Amino acid sequence: MNAQAIYKTLNSYKLGADRELKIQLPRNYNPEEKRNYPLIIVLDGDYLFEPIAGNIDYQSYWEDIPDCIVVGVKQGDSREDDLLYDEETYFPKEQSAAFYEFISSELLPYIEGEYKASNFRIIVGHDLSANFINYYLFKDKPIFRAFIALSPDFAPEMTTRLHQRLKILDQETFYYLATGDADVKALRTSIIKSDSLISSIENEKVLYKFDDFDDANHYGLVGQGIPKALNQIFGLFKPINAREYKEKVLTYEESPYDYLIKKYQDIEYFYGFEKKLIENDIRAIAAASNKKDDFYSLEKLTKLVKKVFPESMLSAYYSGMLYEKEGNYRKALIQYKSGLLLQPSQFIDKEIMLEKMYDTQEALND
């Protein structure tokens, strides 16, 4: 099943009107599963929803980021009123105050009541809406954990207020800010100033990333900023790559297996959902265990794989590898043979199992 947009109309008491929504659920979304998904709220959903939803669908397909629920809020002719701020306080007023409450007290409860959304929430805005998303930072406990501000048109005092607020945040918060060298001049000047202030903050709870794109105007930078922002926000979630393997897995003070468990525990802590064990990470930990001649890690990894993937060739493959490590080639051969009756995985198929059988048989004959 491909990810498709669902169109909904939500009647808002706060706004006194209907508001159109675009919703994208993950591929193979199953409401019966005990699984929750990060929730991404996209303001300016009339034009910003598709690039966000497309990036989510593409990157999650390759397991670079988790599956997410994406909700675009269409603003159309109401945009200016939705995003207005008071000329004295520079905070939302009238309809913009109502729109602020609509997001927090109507939209979020509606989505979380209808779909399997986790409490890890991201909000995205561009231009005026990129300024508006910052107002949610000023709650005692912000309802969003990640903010993507694409070429924000900051209200007066917002730069100073952002700096003051981010300095004292006590909840892990991701903040992404972007401009381009061909951005609107006044906006770019304000954004560069904001970056100089925010980047000076020493608060380990704030994970901040700034991009200043070359040859990118006010609208073109959006296409470059979205994947960069998602990579920043979901950096911990990503599969173990060559750099992480070399710099973190191999140098970890405890065992490679312990590194794997901690990585997945950290993911659950940061994002509020449990990541399913993936084959890429299994391969990385197995390689590190073999390189370090760590039988403990390989044994623990094998038990975990058998538990998580009992019907997959992975189970037989790593069980056979463990017996090979022990020098018990007869039992290894039995495991590899049994794997022929199981389901192939992303990297392990019947051809690889046969190859392991031949190699093990040769070792037995020697």
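Small disclaimer: the values here were computed from a predicted structure and weren't measured. (Residues numbered from 1 in each chain as written. Predicted model: local features only at pLDDT ≥ 70, side-chain atom pairs only at ≥ 80, totals over all residues. Heavy atoms only, no water.)

So, about the pattern of salt bridges. Counted under the stated rule, the structure contains 17 salt bridges. In this structure, Lys325 engages Asp293 in a salt bridge whose closest nitrogen and oxygen atoms are separated by 3.1 Å. Taken as a pair, Lys325 in helix 12 (residues 313-326) and Asp293 in the loop between helix 10 (279-291) and helix 11 (295-308) lie far apart in primary sequence, 32 residues in all. Under the relative-accessibility criterion, Asp293 is labelled exposed at 57%. (Salt bridge = Lys/Arg side-chain N within 4 Å of Asp/Glu carboxyl O. Helix = DSSP H or I, 4+ residues; strand = E, 2+ residues; numbered from the N terminus. Buried < 20%, exposed > 50% of the residue type's maximum accessible area, 1.4 Å probe, protein only.)

Tracing the chain through its elements places Gln171 in the loop between helix 5 (158-168) and strand 7 (173-182). The residues touching Gln171, leaving out its near neighbours within four places in the chain, are Lys141, Pro142, Phe144, Arg145 and Lys205. (Contact = heavy atoms within 4.5 Å.)

Taken together, the buried positions of helix 13 (residues 329-339) are Ala332, Leu333, Tyr336 and Gly339. Across the axial projection of helix 13, the buried residues extend over an arc of 120°, all falling on one side. Structural note: helix 13 exposes Arg330 and Ile334 on the side pointing more than 90 degrees away from its buried face. (Arc of directions from axis to C-beta.)

On to helix 6 (residues 185-198), then. With 14 residues, helix 6 ought to run about 20 Å at 1.5 Å a step, and its terminal C-alpha atoms sit 20 Å apart, in line with that. Burial in helix 6 covers these residues: Leu187, Ile191, Ser194, Asp195 and Ile198. Buried residues of helix 6, seen end-on, are gathered within an arc of 100° and therefore sit on one face of the element. Residues Lys185, Ala186, Thr189 and Lys193 are exposed on helix 6 and point more than 90 degrees away from its buried face. Looking at the buried positions of helix 6, the neighbouring elements they touch are helix 5, strand 7 and strand 8 (206-217). (Expected span 1.5 Å × (residues − 1).)

As a further point, take the sheet that holds strand 2 (residues 17-24). Paired through their backbone hydrogen bonds, the strands of a sheet run either parallel or antiparallel. The strand order 1-2-4-3-5-6-7-8 describes an open sheet built from 8 strands, whose pairing is mixed. The open sheet terminates on both sides in strands that have one partner only, identified here as strand 1 (5-12) and strand 8. Ignoring which end each strand starts from, the neighbouring axes of this sheet average 20° apart. Contacts from helix 6 reach strand 7 and strand 8, with the element oriented near 140° to strand 7. (Pairing = 2+ DSSP bridges. Axes fitted to C-alpha atoms, helices over the stretch in contact; angles between N-to-C directions.)

Another aspect to go through is the packing of helix 12 against helix 13. The N-to-C vectors of helix 12 and helix 13 enclose an angle of 170°; their axes lie 8 Å apart at closest approach. Compared by their axis directions, helix 12 and helix 13 come out roughly antiparallel. Along the contact surface, helix 12 presents Met313, Ala316, Tyr317, Ser319, Gly320, Met321, Tyr323 and Glu324, while helix 13 presents Tyr329, Lys331, Ala332, Gln335, Tyr336, Ser338 and Gly339. Classifying every residue of the contact of helix 12 with helix 13 by side-chain character gives 8 nonpolar, 5 polar and 2 charged. (Parallel < 35°, antiparallel > 145°, perpendicular 65-115°, else oblique. Nonpolar A, V, L, I, M, F, W, Y, C, P; charged D, E, K, R; others polar.)

To continue, consider a negative patch on the surface. On the surface, Asp349, Glu351, Glu355, Asp359, Glu362 and Asp366 cluster together into a patch of negative charge. Structurally, Asp349 can be placed in the loop between helix 13 and helix 14 (350-365). Taking relative accessible area as the criterion, Asp349 reaches 32% and is therefore assigned partly exposed. (Patch = residues over 30% accessible without salt bridge, like charges linked within 9 Å, V, L, I, M, F, W, Y side chains within 5 Å. Areas by Shrake-Rupley, 256 points an atom, 1.4 Å probe, with all protein chains shown as cover. Lys, Arg positive; Asp, Glu negative; His and termini not counted. Charge placed at Lys NZ, Arg CZ, Asp CG, Glu CD.)

We now examine the environment of Gln171. The class for Gln171 is buried, based on a relative accessible area of 15%. Distance from Gln171 to Glu204, taken between C-alpha atoms, is 9.6 Å for residues 33 residues apart in sequence.

In contact at an axis separation of 9 Å, helix 13 and helix 14 are set at 160° when each is read in the N-to-C sense. Taken as axis vectors, helix 13 and helix 14 run roughly antiparallel relative to one another. Considering how the two elements wind past one another, helix 13 and helix 14 form a crossing that is left-handed. Where helix 13 approaches helix 14, its residues Tyr329, Arg330, Ala332, Leu333, Gln335, Tyr336, Lys337 and Gly339 are matched on the opposing element by Met353, Lys356, Met357, Thr360, Gln361, Ala363 and Leu364. For the contact of helix 13 with helix 14, a count of residues per class yields 8 nonpolar, 4 polar and 3 charged. (Left-handed = near helix turned anticlockwise from the far one by under 90°.)

Once that is clear, we can look at a nonpolar patch on the surface. Residues Tyr58, Tyr61 and Trp62 make up a contiguous nonpolar surface patch of about 420 Å² in total accessible area. Within the secondary structure layout, Tyr61 lies in helix 1 (residues 45-61).

The subject of this paragraph is the nonpolar core. Of all hydrophobic cores here, the largest spans 51 residues; its most connected members are Ile41, Ile69, Leu107 and Tyr175. With residues up to four places along the chain from it excluded, the contact list for Ile69 reads Ile23, Gln24, Leu25, Pro26, Tyr29, Tyr37, Pro38, Leu39, Ile40, Tyr115, Lys116 and Ala117. (Core = buried A, V, L, I, M, F, W, Y, C linked by side-chain atoms within 4.5 Å.)

On to the packing of aromatic side chains, then. Applying the stated criterion to the full structure yields 27 aromatic pairs. Ring centres 4.3 Å apart and planes at 5° place the aromatic pair Tyr100 and Tyr136 in the stacked group. Taken together, the residues span a long stretch of sequence, with Tyr100 in helix 3 (residues 95-114) and Tyr136 in the loop between helix 4 (128-132) and strand 6 (146-150) at a distance of 36 residues. A single burial state applies to Tyr100 and to Tyr136, both of which are buried. Relative to Tyr259, the ring of Tyr252 has its centre 5.3 Å away and its plane inclined at 80°; by these criteria the two rings are edge-to-face. Taking the relative accessible area as the measure of exposure, Tyr259 reaches 10% and is therefore buried. By way of ring pairs, the aromatic residues Phe91, Phe99, Tyr100, Phe102, Phe132, Tyr135, Tyr136, Phe138, Phe144, Phe147, Tyr175 and Tyr208 are connected into one cluster. Of note, Lys275 hangs over the ring of Phe237, and the distance from its end group to the ring centre comes to 4.3 Å. (Phe/Tyr/Trp six-rings, centres within 6.5 Å; stacked < 30°, edge-to-face > 60°. Lys NZ or Arg CZ within 6 Å of the ring centre and 35° of its normal.)

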